[in-house]
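What follows is the residue order along each chain.
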Amino acid sequence: MRIGLTYDLRTEYLALGFGEEETAEFDRPETVEAIELALQGLGHETDRIGHVRALVARLAAGDRWDLVFNIAEGMYGIGREAQVPALLDAYRIPYTFSDPLVMALSLHKGMTKHVVRAAGVPTPDFAVVHDVRELDAVDLPFPVFAKPVAEGTGKGINAASKIRDRESLRAVGRSLLERFRQPVLVERFLPGREMTVGIWGTGAEAAVIGTMEIILKASAEPEVYSYVNKEQCEERVEYRHPSGDEDEEVRRAEAIALAAWRALGCRDAGRIDIRSDETGQPQFLEVNPLAGLHPHHSDLPLICTARGIPFQRLIERIIQSARGRIDADRPCAG
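Because the structure is a prediction, the values reported are computed rather than measured.

**What about the sheet that holds strand 12 (residues 282-288)?**
Ordered by their spatial adjacency, five strands build an open sheet running 10-9-8-11-12, and the pairing between neighbours is antiparallel. A strand with exactly one partner marks an edge of an open sheet, and here the two such strands are strand 10 (237-240) and strand 12. Averaged over all pairs of adjacent strands, the angle between their axes in this sheet comes to 25°, without regard to strand direction. Relative to strand 10, strand 9 (residues 207-216) runs antiparallel, the two being bridged by four bridges. Residue pairing for strand 10: I215 is matched across the bridge by E238. Its contacts with the sheet put helix 10 (residues 248-264) on strand 8 (194-200), strand 9, strand 11 (269-276) and strand 12, and the angle it makes with strand 11 is roughly 130°.

**Some words on the packing of aromatic side chains**
In total, this model carries four aromatic pairs according to the counting rule given. Ring plane angle 65° and centroid distance 5.7 Å describe the contact between Y13 and F18, whose orientation is recorded as edge-to-face. Classification of Y13 by relative accessible area gives buried; the value is 11%. Take F18: its relative accessible area is 22%, and that puts it in the partly exposed class. Relative to F26, the ring of Y13 lies with its centre 4.6 Å away and its plane at 40°, an arrangement referred to as tilted. One end of the pair, Y13, is in helix 1 (residues 10-15); the other, F26, is in the loop between helix 1 and helix 2 (29-41), with 13 residues separating them in the sequence. Judged on exposure class, the residue Y13 and its partner F26 are both buried. Taken together, the ring pairs in this structure connect Y13, F18 and F26 into an aromatic cluster. In this arrangement the basic side chain of R317 is found over the ring face of W200, its NZ or CZ atom lying 4.0 Å from the centre.

**Re helix 6 (residues 109-118)**
Buried within helix 6 are the following residues: K109, G110, T112, K113 and V116. Summarising the axial view, the buried residues of helix 6 lie within an arc of 155°, below the 170-degree limit, and thus occupy one face. The inward-facing, buried residues of helix 6 abut helix 5 (100-107), strand 4 (126-129), strand 5 (144-148), strand 7 (184-188), helix 10 and strand 12.

**What about the nonpolar core?**
Counting 33 residues, the largest nonpolar core has I35, L39, F69, F97, L293 and I315 as the members making the most contacts within it. Counting residues per element, this core draws most heavily on helix 12 (residues 311-323), at six residues. Setting aside chain neighbours within four positions, we find L293 in contact with T31, I35, F69, I71, F97, S298, L300, P301, F311 and L314. Counting residues in hydrophobic clusters, the runner-up holds 21 residues, among them V197, V250, A260 and L264.

**Things to note about the environment of F311**
Mapped onto the secondary structure, F311 falls in helix 12. By relative accessible area, F311 is classed as buried at 18%. Not counting residues within four places of it along the chain, the set of residues in contact with F311 comprises A34, I35, A38, L293, P295 and P301.

**Some remarks on the environment of A322**
Along the chain, the position of A322 falls in helix 12. Judged by relative accessible area, which is 0%, A322 ranks as buried. Between the alpha carbons of A322 and P94 there is a distance of 7.8 Å; along the sequence they are 228 residues apart.

**Focus on the pattern of salt bridges**
Tallied over the full model, the rule gives 33 salt bridges. Between D136 and R170 there is a salt bridge, with its nearest N and O atoms 2.6 Å apart. Placement of D136 in the loop between strand 4 and strand 5 and of R170 in helix 7 (residues 166-180) is noted, with a sequence separation of 34 residues between them. Assessed through its relative accessible area of 46%, D136 is described here as partly exposed.

**Details of the sheet that holds strand 6 (residues 162-163)**
What holds strands together in a sheet is hydrogen bonding between their backbones, with the strands either parallel or antiparallel. In spatial order, the strands read 4-7-5-6; together these four strands make up an open sheet with antiparallel pairing. The sheet is open, and its two edges are formed by strand 4 and strand 6, each paired on a single side. In this structure, strand 4 lies alongside strand 7, joined through four bridges in antiparallel fashion. Counterpart to V128 in the pairing with strand 7 is L185. On the sheet, helix 6 packs against strand 4, strand 5 and strand 7 and is oriented at approximately 150° with respect to strand 4. Relative to strand 5, helix 7 is tilted by about 10°, and along the sheet it contacts strand 4, strand 5, strand 6 and strand 7.

Conventions we followed
Residues numbered from 1 in each chain as written. Predicted model: local features only at pLDDT ≥ 70, side-chain atom pairs only at ≥ 80, totals over all residues. Heavy atoms only, no water. Pairing = 2+ DSSP bridges. Helix = DSSP H or I, 4+ residues; strand = E, 2+ residues; numbered from the N terminus. Axes fitted to C-alpha atoms, helices over the stretch in contact; angles between N-to-C directions. Contact = heavy atoms within 4.5 Å. Phe/Tyr/Trp six-rings, centres within 6.5 Å; stacked < 30°, edge-to-face > 60°. Buried < 20%, exposed > 50% of the residue type's maximum accessible area, 1.4 Å probe, protein only. Lys NZ or Arg CZ within 6 Å of the ring centre and 35° of its normal. Arc of directions from axis to C-beta. Core = buried A, V, L, I, M, F, W, Y, C linked by side-chain atoms within 4.5 Å. Salt bridge = Lys/Arg side-chain N within 4 Å of Asp/Glu carboxyl O.

In short, geometric facts, not functional conclusions.
See the structure below:
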């Protein structure tokens, strides 16, 4: 197949004057190179497209692909991860990973929690705050946890994110509203184990790859998987790979993750973040349907590596999952 690659390179945005935190979710050149080499190793022809504006120009010029391998995050708006899939749908070009509905929904953590809760998936009680006046109306027992409703990579999360009283909630909530100019998710703080579950496949074919547990070292910001802890993970974080066959809590976490993945309609591969409450009951935190794919640093490839799955095999499974949509999405003759 001729496969196009859509992506946002962090280096390009930094060169344009954007900041380190603004571009934290974007990819490194070696990620694109690794995906391209894996695709070529599987016998496919590759074509680098780039970000959404580059895709617009290529489509307008008449370029087409059998499939697009999409890892573009987008820069603006809560629906930014849906921009490339929506464009490709308009031209009936198949692509990897989830559709625009899922991408837009899943980036809004509050809306995602409404959907999974309606599907019977356990998730901590929460409130979505749109304005500073709503902070005093939050009716949750302390401690609570606050973060921007539509960011990833730990953006907006630090040691102050665990909030113990109303005064601190007002201060942290106001700061997040002003800084990120989007609603704030406030949810009951869960003190238990934190895990991320890797999944590949779609619908009934989806399956758990494995689980990675996040253990914060003494040098880390305490109790929160923050932006700084993620950026300096080599010094601050230990990653373990417990087995659901041997650990009942992990087994329950994986079952919850798979149920959430299917309820949300996610496709091909991604991750579900889980944290346990004070009784050891795992609960859904959020979903990443566009998980990072750096072969040596991103969580999903690390989970695969721990399970003895080579990076090229992960890319192959993603393509196999997406390939079933090609005939359905291909334009009719004429």
